[in-house]
Amino acid sequence: MQPTSAQDEAKKASAAKAIQRFLQDGMTIGLGSGTTSRWFVRILGERVAQGLRVTGVPSSKSTGQLAEEVGVKLADLNDVGQLDMTIDGADEIDPKGQMIKGGGANLLWEKIVACASKKMVCIVDESKLVDNLGRFPLPVEVIPFAWRSTERHMRTVFKENGLGEPRIEMRGGLEKPLVTDSGHYLLDCHLEKIPKPESLGKQLKQIPGVVEHGLFIGIATDAVVGHATGDCEIFTF
Ligand code: 5RP
């Protein structure tokens, strides 16, 4: 399979570089989700065919399917201890390594897998680098029961954080909401600029009905930023 655009080329480059730089034989690793992570899993499959021994823990059903297709051995997170590392993409990453994730609807499993890992290496193309988080709509995973009530609580939190009355969209649309791998809905919150991501994340988590949100704070240990030329920069946080 070949990259289909310059951005795709950059995604593939970051995935390849992360494997070269961070992956070691015998590791148990979290497998991210999204198009950049799919490059990572495909390249991992090639390395496994060449003799690398790794065990993968997928962060979504679709990643698990792909890993099986390319011959990566899988394990259940319940059955393994701490993971050596997770490699996963992001929708935005700032200079402190704070991220917004969930554009691919997998933020809950992604956060569980990343937080069970000694290291989390973020793989992105350069378009994901931002000075401040928030231009990408923040996904919040909510319980379907009484989701409008949960949304009202979220609006109060946004107002208290100086974020006004943001547009909030049901992922997939109101007619046929997208249902996550865990059976929840996603509310995409157009916040534009999040001044204090850590405190916003903590307040969102306290709302009954909010299962998880896409602010990944203090989780990434490293980032590999790919360019269409094939060059990559590596950052450690
Ligand atoms: C999925 C994610 C992805 O990592 C994020 O959306 C980036 O995706 P892509 O690599 O396709 O740009 O968080 O929930």
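Residues numbered from 1 in each chain as written. Predicted model: local features only at pLDDT ≥ 70, side-chain atom pairs only at ≥ 80, totals over all residues. Heavy atoms only, no water.

**A short note on the site of the ligand**
Next up, step 1: Neighbouring the ligand are 18 residues, the closest being T35, T36, D91, G102 and K128.
Next up, step 2: G104 has a polar backbone atom sitting 3.2 Å from an oxygen atom of the ligand.
Next up, step 3: Residue K128 places a side-chain N or O atom 2.6 Å away from an oxygen atom belonging to the ligand.
Next up, step 4: A molecule is said to occupy a pocket when more than half its atoms come within 2 Å of that pocket's grid points, and by this definition the ligand occupies the largest pocket.
Next up, step 5: Of all the secondary structure elements, the ones that give two or more residues to the shell around the ligand are α2 (35-49) and α4 (107-115). (Near = heavy atom within 4 Å. Polar contact = N/O pair within 3.5 Å; in protein donor to acceptor, adjacent residues only side chain to side chain. 1 Å grid on protein atoms, 1.4 Å probe; cavity = no way out; pocket = protein on both sides within 12 Å on 5 of 7 lines; lining within 4 Å. Sits in = over half its atoms within 2 Å of the grid points. Helix = DSSP H or I, 4+ residues; strand = E, 2+ residues; numbered from the N terminus.)

**What to know about unusual backbone geometry**
Next up, step 1: Phi angles above zero are rare outside glycine, and A105 is one such case at about 75°.
Next up, step 2: Along the chain, A105 turns up in the loop between β6 (99-100) and α4.
Next up, step 3: In the Ramachandran plot, E192 falls in the positive-phi region, its phi being about 70° despite a non-glycine side chain.
Next up, step 4: On the secondary structure map, E192 appears in the loop between β10 (185-190) and α6 (197-205).
Next up, step 5: Residue classification places E192 among the exposed positions, given a relative accessible area of 54%. (Buried < 20%, exposed > 50% of the residue type's maximum accessible area, 1.4 Å probe, protein only.)

**What to know about the domain arrangement of the chain**
Next up, step 1: What the domain assignment lists for the chain is domain 1 (6-129 + 218-236) and domain 2 (138-212).
Next up, step 2: Taking only C-alpha atoms, the centre of domain 1 and the centre of domain 2 are 25 Å apart.
Next up, step 3: Across the contact, 14 residues belong to domain 1 and 14 residues belong to domain 2.
Next up, step 4: At the boundary of domain 1 with domain 2, total buried surface from both sides reaches about 1100 Å², with 60% on carbon and sulfur atoms.
Next up, step 5: Of all residues in domain 1, the largest losses of buried area upon contact with domain 2 belong to A105, L107 and L108, amounting jointly to 46% of the total for that side.
Next up, step 6: In this structure, the connection of domain 1 to domain 2 is made through one salt bridge.
Next up, step 7: Residue K111 pairs with E212 through a salt bridge whose shortest N-O separation is 2.9 Å.
Next up, step 8: The interface formed by domain 1 and domain 2 includes five residue pairs in polar contact (both at pLDDT 80 or more).
Next up, step 9: Ranked by residue count, the leading element in the side of domain 1 that touches domain 2 is α4, at four residues. (Domains from an automatic or database assignment. Contact = heavy atoms within 4.5 Å. Buried area = accessible area lost by both parts, 1.4 Å probe. Salt bridge = Lys/Arg side-chain N within 4 Å of Asp/Glu carboxyl O.)

**Re the sheet that holds strand β1 (residues 28-31)**
Next up, step 1: With mixed pairing, seven strands are arranged side by side in an open sheet as β3-β2-β1-β4-β7-β13-β14. At either margin of the open sheet sits one strand with a lone partner, and together these are β3 (73-74) and β14 (232-236).
Next up, step 2: Strand direction decides the pairing type here: strand β7 (residues 120-125) and strand β13 (residues 222-226), joined by five bridges, are parallel. Paired with C122 across the bridge in β13 is A223. (Pairing = 2+ DSSP bridges.)

**Topic: the pattern of salt bridges**
Next up, step 1: Under the criterion given, the structure shown has 13 salt bridges.
Next up, step 2: Note that K118 and D84 form a salt bridge whose closest N and O atoms lie 3.4 Å from each other. Here D84 lies in the loop between β3 and β4 (85-88) and K118 lies in the loop between α4 and β7, a separation of 34 residues in the sequence.
Next up, step 3: A salt bridge links K101 to E110; the shortest N-O distance between them is 3.1 Å. By the burial criterion, K101 is buried, and E110 matches it.

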